[in-house]
Amino acid sequence: MSDFAFLTVTKEGGNPVIRRKSAAEVVPEAASPVYGSEAGNAAAFPDAAGERVFRSAKVSIEPVQAGSGDPSPDNVRAISGFTGAKVTRCGKNLFDLSAAQGGYIDADGVPHRTTDAVTNWTISDYMPVNPGTVMYVLAQTAANAARHAFYDAGLSCVGVATVNNSALTVPAGARWVRCSVRKANEETFTFSAFPDAEAGYGAQVFDISFPSEAGTVYGGVLDLTAGTLTVTHGFRQLAAADINQYGTTLGGVSYVRFTPLSNIAASGSIYSDKYKGYRNTNERQSGDIAVIANGAVYVYDNRFTDRAAAEQILDAEMPVIVYPLASPVVYQLTPVQIAALAGANTVFADCGAVSVEYVRDTGAVIEAGDASTRAMIGEVSGTTASRSLAVGEYVTVGDALYRVTRAVGSGETLVPGTNVTETTVGAELARLAAMIS
């Protein structure tokens, strides 16, 4: 019997029938499962109990801005939201960006090395794949920012693909894949997620449609488990007719104030396609936009020489804003249950970061507990000493406790009966008591 599934015998039509049921159907909550949690643009965890439904799965919906750099009238960065969410649960993520090497893959699958760590690309090592399986790629960067090159057993390229936020079938003859991503976009590059190369795990995609009355969502929390969508941000194009004040700051920066919008929070993050949301109210600069304590929106721009000029400029290039709601709006959805794969899982969404609470595999929990317990009893070691050990010290190797009986140098092999002897905590207490008496 495993954590993953059970075989049950039922009688159907007078005959015994074997049925396979998931652990979630058979094991009640009273069984006191051990839960783990993970969060991030991709929530990855290695120790899930197979087929156990996530206790909690949430997505933090975030607006997306086109382009790069600070938004300004000369660098308009359009803001887009979401009318639904695509949440993917798949197996092991093989692209470890932190361990990737400098370089990029060109359109012919040829890797190019580079020492430039800012403007060029980061390239992964070769990673195993199986022909016909599906890669699920999530690259929250500019277009064409993630490239995947497939190679056969002889490391000859058999195909190159550039995809973002979509599925990609591994081509025939492929044995390895390498990935490259622009280093400059590393902070927004999530990962390339693959089915587990050994177990052949695929992905399950959950398409969630938002209620029509919610419109396009620019910020909020999607709780799949509870079946709720909490909208935390609104969207609005400002209008020159709503300007109710013109002035300059103590630092000489010109500004206009707009009449407070309904249901706008007195403070909080604000986004605009033409102005930069600022956070330090003591350093207001031309090109900033903000919500001040009274809930009014302020735009700072030194092109505003007077109110008439400000109205004329803004009437021609009025910014849009995404602003925090004073009272978030909650919509009811159909709850979604997501069952974990056995072992390694990776969960991500196309609209923001995710947080997951899941049932841990019993064996992994026990193993982790054993390691912690052994570490309290004696230093955990392999069969080769990682440091010099003096006579009388204790180490644990596997499930056994050893007392050092002869000095061991760093790098030397621990040999029971020669330089260490196997013992127990009880035996050592008895030995020490005998020595004292």
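All chains use their own residue numbering, which begins from 1 and follows the written sequence. Since the coordinates come from a predicted model, pLDDT governs what is reported: local features require at least 70, and pairs of side-chain atoms require 80 or more to be given and counted, while whole-chain, interface and lining totals use all residues. Calculated side-chain values reflect all of the structure's heavy atoms, with hydrogen atoms and water omitted.

J.: Can you help me understand the overall build of the protein chain in this one?
T.: When helices and strands are tallied, the protein chain shows four helices and 35 strands. The buried share of the protein chain, reckoned over its 437 residues, is 41%. Here, residues are in contact when the closest pair of their heavy atoms is within 4.5 Å. Within the protein chain, contacts between residues at least 6 apart in sequence are counted, and of these 68% link residues at least 24 apart. To measure how exposed things are, a 1.4 Å probe is used in the Shrake-Rupley method; for residues, cover is taken only from the protein chains shown. Summed over all atoms, the accessible surface of the protein chain reaches about 21600 Å², with 51% contributed by carbon and sulfur. Only runs of H or I of at least four residues qualify as helices and only runs of E of at least two qualify as strands under DSSP, and these elements are numbered from the N terminus. Accessibility here uses a 1.4 Å probe with only protein chains present; expressed as a share of the type maximum, an area under 20% marks a residue as buried, one over 50% as exposed, and anything in between as partly exposed.

J.: I'm lost on helix α2 (residues 307–316) in this one. Help?
T.: Within an α-helix, residues lying three or four positions from one another point in the same direction, as the helix has 3.6 residues per turn. Here α2 has its buried residues at Ala309, Ala310 and Leu314. For α2, the arc enclosing every buried residue in end-on projection is 120°, short of the 170-degree limit, so these residues lie on one face. Of the exposed residues in α2, the ones pointing more than 90 degrees away from its buried face are Ala308, Gln312, Asp315 and Ala316. On its buried face, α2 sits against β23 (243–248) and β24 (254–258). Whenever two N or O atoms come within 3.5 Å, that pair is a polar contact, provided that in protein one can donate a hydrogen and the other can accept it, and provided that, for residues adjacent in sequence, both atoms are side-chain atoms. Residue Asp306 occupies the N-cap position of α2, its side-chain oxygen lying 3.2 Å from the main-chain nitrogen of Ala308. Note: the arc covers the axis-to-C-beta directions of the helix.

J.: Explain the pairing of strand β34 (residues 400–404) here, please?
T.: Consecutive side chains along a regular strand alternate between the two faces of the sheet. β34 sits mainly inside the fold: five of its five residues count as buried. With burial as the criterion, each face of β34 is covered, one bearing Ala400, Tyr402 and Val404 and the other bearing Leu401 and Arg403. Pairing geometry for strand β33 (residues 394–397) and β34, over four bridges, is antiparallel. Each residue of the ladder has a partner; that of Thr396, found in β34, is Leu401. Here, a strand pair is defined by DSSP locating no fewer than two bridges between the strands.

J.: Where do I start with the confidence of the model for the protein chain in this structure?
T.: As a general rule, the predicted coordinates of low-pLDDT regions are not to be interpreted in detail. Along the chain, pLDDT gives the predictor's confidence residue by residue, from 0 to 100. Scored by pLDDT, the protein chain has a mean of 81; 78% of the residues are at 70 or more. In this model residues 196–200 is a low-confidence stretch, pLDDT under 50, and it forms six contacts with partners more than four residues away in sequence or in other chains.

J.: Explanation requested: the sheet that holds strand β5 (residues 56–61) in the structure shown.
T.: By way of backbone hydrogen bonds, the strands of a sheet pair with one another, either parallel or antiparallel. The strand order β3-β31-β5-β21-β22-β29-β25 describes an open sheet built from seven strands, whose pairing is antiparallel. Each edge of the sheet is formed by a strand with only one pairing partner; in this case those strands are β3 (35–40) and β25 (271–272). Of the strand pairs in this sheet, β5 and strand β31 (residues 352–359) are connected by six bridges, and their pairing is antiparallel. Looking at the pairing, Val59 lines up with Val354 of β31.

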